[in-house]
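Chain by chain, the residues run as shown.
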Amino acid sequence: MSTTGMTTSSGWRQMLTAVPTPNVSAHITHGLSGQVTVTVKKTRPGFMVPPLSWIVPFNAERCVTLDALGAEVWGRCDGKRSVEAIVDDFAAAHRLTFHESRVAVTGYLKKLIERGVLAILLPENDE
Amino acid sequence: MLQFSRGMDSGRCAFADRYQFRCELNWRTVPGPPDFDRMMSDYSTKLSEKGVEAPKALRLGSWRGVEGVRDGLLTSHYGGYLPGEHCLLELVLLWPDRKQAELERRIISSIREEPVMQGGLRHWQAFGMEAGVHTDVAPFLESCTVNPAHVDMIFRNRSKQREEHFARRGLVKQWLEGSVGDWLHWWLPKDFEMESQTSDTIDGHRLFMTTGTRWSWGIRRFFRQRLRCHAAAWICPQDERLYSVGLISHPSLALTDARAAAAMLSCCGQKGLGV
């Protein structure tokens, strides 16, 4: 027999207690069929000065276009609700299991965090 | 179930609650029944080496086990043997709050060999699907795709003369354009020509059934060799998921029609819709 390969750590509990908070400078545009485009301003890096900036154009904005489901997740990121609460809401709205919803929601959150339109706040008492 | 293996000879499934893994089942086929006394003694030693504090021997029916605390977490390890399948099993349960003896007993008593069902079908239950799979393909889970609200299992026998597809999709309102019948036509495997499509309503489920054929090429076509596909799909009104089943086989093996295909997959407690 083998011994367990299961993780005995706290698993994904810490991730679920995190609170996604929208970037205050995010600008929202509602499109057709429930799509939402989130635009945030980027800081110009110090090295983006002529003559480099003449060759490499600097785009001062970053856009993320979300489909209807992504827009729903974005709408629930109000800086108050935890990831767990968003996952529960999304599961209830679409008749999904907790883990189906968790994978879908965290996929969207990851995309939003990578694009800098969302930040994650971890509770203070967590390590 | 968050992790799984497809192999029948050895593999592992892991189950979780919303916060962490709670249960793991490992299996391995062995030539004969194991010497459990020796195995459990070795196992206790191994667990002690791995940091399990004060392992305690357990016994539940024919299952033998060891319980101990590892990384501050109470863990039960059980070993069992299924003689019909020559399969050695290891069950690991993690108890983050307190041990639930009744739950443990129920889990262990649920692990057993399933007899072959009527019609030569083996019972498979996973990811919200309950399917009867033909015995000649049941051991060969060729692929299992699990995405949020989308599960697809394909069984295929070694000679590739028979394939069975079972799928369950959620968020249907978000992606389904047109009717389930149209979708079923699209879902037919590549190169299959649709021959017929019918529909019926059974216990509130609108069932679409289709039959298609794929002709072989070259000399095989000369001998009129072809594959037949019977497929069925429906949306269950209870869980609003789209269920689909497809059977592909050589016509000589095609014992079923599309209605019989539908009978091989169950939803919301309905034991197959085609019957």
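Within any chain, residue numbers begin from 1 and follow the written order of that chain's sequence. Chains and ligands are labelled sequentially in the order written, the chains with letters from A and the ligands with numbers from 1. Owing to the predicted nature of the model, reporting of local features is limited to residues with pLDDT of at least 70; listing and counting of side-chain atom pairs is limited to 80 or more, with chain, interface and lining totals taken over all residues. Calculation of side-chain values draws on the structure's entire complement of heavy atoms; hydrogens and water are dropped beforehand.

1. Let's talk about a positive patch on the surface
Residues and elements named next belong to chain A. Here a patch means residues that are over 30% exposed by relative accessible area and free of salt bridges, tied together within 9 Å if like-charged and within 5 Å if nonpolar (Val, Leu, Ile, Met, Phe, Trp, Tyr). Residue burial considers only the protein chains on display, and all accessible areas are found by Shrake-Rupley using a 1.4 Å probe. For salt bridges, the criterion is a side-chain nitrogen of Lys or Arg within 4 Å of an Asp or Glu carboxyl oxygen. We count Lys and Arg on the positive side and Asp and Glu on the negative side, and we leave His and both chain ends out. Just so you know, the charge point we use is NZ for Lys, CZ for Arg, CG for Asp and CD for Glu. Residues K42, R62, K111 and R115 make up a contiguous surface patch of positive charge. Runs of H or I in DSSP of at least four residues are treated as helices and runs of E of at least two as strands, each being numbered from the N terminus. Summarising the element assignment, R115 is placed in the loop between α5 (98–114) and β5 (118–121). On the basis of relative accessibility, which here comes to 37%, the residue R115 falls in the partly exposed class. A 1.4 Å probe rolled over the protein chains alone gives each residue an accessible area, and that area as a share of the maximum for its type sets the label: buried under 20%, exposed over 50%, partly exposed in between.

2. Some points on the pairing of strand β12 (residues 193–202) of chain B
The two faces of the sheet receive side chains in turn, since in a regular strand these alternate between them. All names here are of chain B. As paired elements, β12 and strand β13 (residues 205–215) share 9 bridges and run antiparallel to each other. Across the sheet, T201 pairs through a bridge with R206, a residue of β13. Counting the residues that bridge the hairpin from β12 to β13 gives 2 residues, and of these D203 lies at a positive phi of roughly 50°. The pairing criterion is simple: DSSP has to find at least two bridges between the two strands.

3. Some words on the environment of G32 of chain B
Residue position: G32 of chain B is located in the loop between β2 (21–29) and α1 (36–49). When the C-alpha atoms of G32 of chain B and L88 of chain B are compared, they prove to be 9.1 Å apart, with 56 residues separating the residues in sequence.

4. Section: the side chain of H134 of chain B
Residue and element names in this part refer to chain B. Structurally, the position occupied by H134 is in strand β8 (residues 129–134). Among the residues examined, H134 registers a relative accessible area of 9% and is labelled buried. Of the polar contacts made by the side chain of H134, one reaches the side chain of E164; its length is 2.5 Å. In the analysis that follows, any N or O atom pair within 3.5 Å is treated as a polar contact, provided that within protein one partner can donate a hydrogen and the other can accept it, and provided that, for residues neighboring in sequence, both atoms belong to side chains.

5. Looking at the pairing of strand β9 (residues 141–147) of chain B
Residue and element names in this part refer to chain B. One ladder, built from 6 bridges, connects β9 with strand β10 (residues 150–156); its direction is antiparallel. Residue pairing for β10: S143 is matched across the bridge by I154. In textbook terms, the turn of a hairpin is the stretch between consecutive antiparallel strands, and for β9 and β10 this stretch comprises 2 residues, one of which, A149, has a positive phi near 60°.

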